[in-house]
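Tertiary structure, described
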Amino acid sequence: MTKIQTFAKGILLENPLLILNIGLCSALGVTTSIFNALGMGAGMTFVLVMSEIVISLFRKHIPASIRLPVFIIIIAAFTTIVQLVLQAFVPALYSALGVFLPLIVVNCIIMGRVEAFASKNSVGAAALDGFGMGVGYTIVLVLIALVRELLGNGTLLTGTAAQLTVIPEAYRIGILNSAPGGFIVFGVIAAANQALQNARKAKQEAAK
């Protein structure tokens, strides 16, 4: 597998949200605004990349009997760094992300990648895998947040100095601000992605 393929699979073929369907709780919980989605995506990407690098670096020295506890400690260390940085420099985002920030420690995306990839591959490949997965995760978060914030709240960039009111209150779809609304938006995006994947496969089979 080339470096480009290692990076790109997290965005397309193995997107953690759209394809693997893991990490959905945080994805649906923080996507009421683009600002929150970007913050969560950046934090997740940092923890993914750094955890995969460290675990790949020491993969041959971690006994199999304590593998999972060691993985959790490493992930928790980088999650704590993200928490402290956000609390110190972006307190509004820290408060908005709430419990979903510390829950990065047990997020299925990170645990799955360090176990399935970082513990079996080189440091460079692990870094690319983590970055690709993080970017893929962030892209989907922002797409969901864009729809929910724009149509549900009628605004863009809520929580920032650049906040814009785009849609009058009378024309907003309030349900999109709720948990069911998050599921609806995610379902539509996932269905659209699946349709594109099916069309691509059908085109490849027709070419044969």
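Quick caveat, the model's predicted, so the values are computed rather than measured. (Residues numbered from 1 in each chain as written. Predicted model: local features only at pLDDT ≥ 70, side-chain atom pairs only at ≥ 80, totals over all residues. Heavy atoms only, no water.)

Notes on the packing of aromatic side chains
Within this structure, the stated rule accounts for two aromatic pairs. Each ring, one from Phe 46 and one from Phe 78, has its centre 6.1 Å from the other, and the planes form 80°; the classification is edge-to-face. One end of the pair, Phe 46, is in helix H3 (residues 34-57); the other, Phe 78, is in helix H4 (residues 67-89), and 32 residues separate them in sequence. Here Phe 78 falls in the buried class, since its relative accessible area comes to 13%. (Phe/Tyr/Trp six-rings, centres within 6.5 Å; stacked < 30°, edge-to-face > 60°. Helix = DSSP H or I, 4+ residues; strand = E, 2+ residues; numbered from the N terminus. Buried < 20%, exposed > 50% of the residue type's maximum accessible area, 1.4 Å probe, protein only.)

A look at the environment of Gly 41
Along the chain, the position of Gly 41 falls in helix H3. Each C-alpha atom, one on Gly 41 and one on Val 142, is 8.5 Å from the other, the two residues being 101 residues apart in sequence.

Quick look at a nonpolar patch on the surface
On the surface, Leu 146, Val 147, Leu 151, Ile 173, Ile 175, Ile 184 and Val 188 cluster together into a nonpolar patch covering about 540 Å² of accessible area. Elements represented by at least two residues in the nonpolar patch include exactly helix H7 (123-153) and helix H8 (179-207). With three residues, H7 is the single largest residue contributor to the nonpolar patch. Following the sequence through the fold, Leu 151 ends up in helix H7. (Patch = residues over 30% accessible without salt bridge, like charges linked within 9 Å, V, L, I, M, F, W, Y side chains within 5 Å. Areas by Shrake-Rupley, 256 points an atom, 1.4 Å probe, with all protein chains shown as cover. Salt bridge = Lys/Arg side-chain N within 4 Å of Asp/Glu carboxyl O.)

Considering the packing of H7 against H8
Between H7 and H8, the least distance of the axes is 10 Å, while the angle of their chain directions is 125°. The angle between H7 and H8 places the two elements in the oblique class. Two packed elements cross with a definite hand, and for H7 against H8 that hand is right-handed. Contact residues: Leu 143, Ile 144, Val 147 and Arg 148 in H7; Ala 179, Gly 181, Gly 182, Val 185, Phe 186 and Ile 189 in H8. For the contact of H7 with H8, a count of residues per class yields seven nonpolar, two polar and one charged. (Axes fitted to C-alpha atoms, helices over the stretch in contact; angles between N-to-C directions. Parallel < 35°, antiparallel > 145°, perpendicular 65-115°, else oblique. Left-handed = near helix turned anticlockwise from the far one by under 90°. Contact = heavy atoms within 4.5 Å. Nonpolar A, V, L, I, M, F, W, Y, C, P; charged D, E, K, R; others polar.)

What to know about the packing of H3 against H4
In contact at an axis separation of 9 Å, H3 and H4 are set at 140° when each is read in the N-to-C sense. With respect to their mutual orientation, H3 and H4 come out oblique. Every pair of crossing elements has a handedness; the one defined by H3 and H4 is right-handed. Between H3 and H4, the contacting residues are Gly 43, Phe 46, Val 47, Met 50, Ser 51, Val 54 and Ile 55 on the first element and Phe 71, Ile 74, Ile 75, Phe 78, Thr 79, Ile 81 and Val 82 on the second.

Observations concerning the pattern of salt bridges
Tallied over the entire structure, the rule returns four salt bridges. Ionic pairing is found between Glu 14 and Arg 113, a salt bridge with its closest N-O pair at 3.7 Å. Of the two residues, Glu 14 sits in the loop between helix H1 (3-8) and helix H2 (24-29) while Arg 113 sits in helix H6 (residues 108-116), which places them 99 residues apart along the sequence. The exposure class of Arg 113 is buried, given its relative accessible area of 9%.

Brief notes about the side chain of Gln 197
With respect to the helices, strands and loops of the structure, Gln 197 is situated in helix H8. Here Arg 200 takes part through its side chain, which lies 3.0 Å from a polar atom of the side chain of Gln 197. (Polar contact = N/O pair within 3.5 Å; in protein donor to acceptor, adjacent residues only side chain to side chain.)

As for H6
Restricting attention to buried positions, one finds in H6 the residues Ile 109, Ile 110, Met 111, Arg 113 and Val 114. Packed against the buried residues of H6 are H3, H4 and H7. Of the residues flanking the start of H6, the one acting as N-cap is Asn 107, its side-chain oxygen 2.8 Å from the backbone nitrogen of Ile 109.

Quick notes on unusual backbone geometry
With the exception of glycine, most residues fall at negative phi, and the peptide bonds are largely trans. Although it is not a glycine, Asn 21 adopts a positive phi angle of roughly 55°. Mapping Asn 21 onto the fold places it in the loop between H1 and H2. With a relative accessible area of 42%, Asn 21 lands in the partly exposed category.

Points about H8
Its 29 residues give H8 an end-to-end C-alpha distance of 42 Å, which sits within 8% of 42 Å, the value for a rise of 1.5 Å per residue. Buried residues of H8: Gly 181, Gly 182, Val 185, Phe 186, Ile 189, Ala 190, Asn 193 and Gln 197, and no others. For H8, the secondary structure elements touched by its buried residues are H2 and H7. (Expected span 1.5 Å × (residues − 1).)

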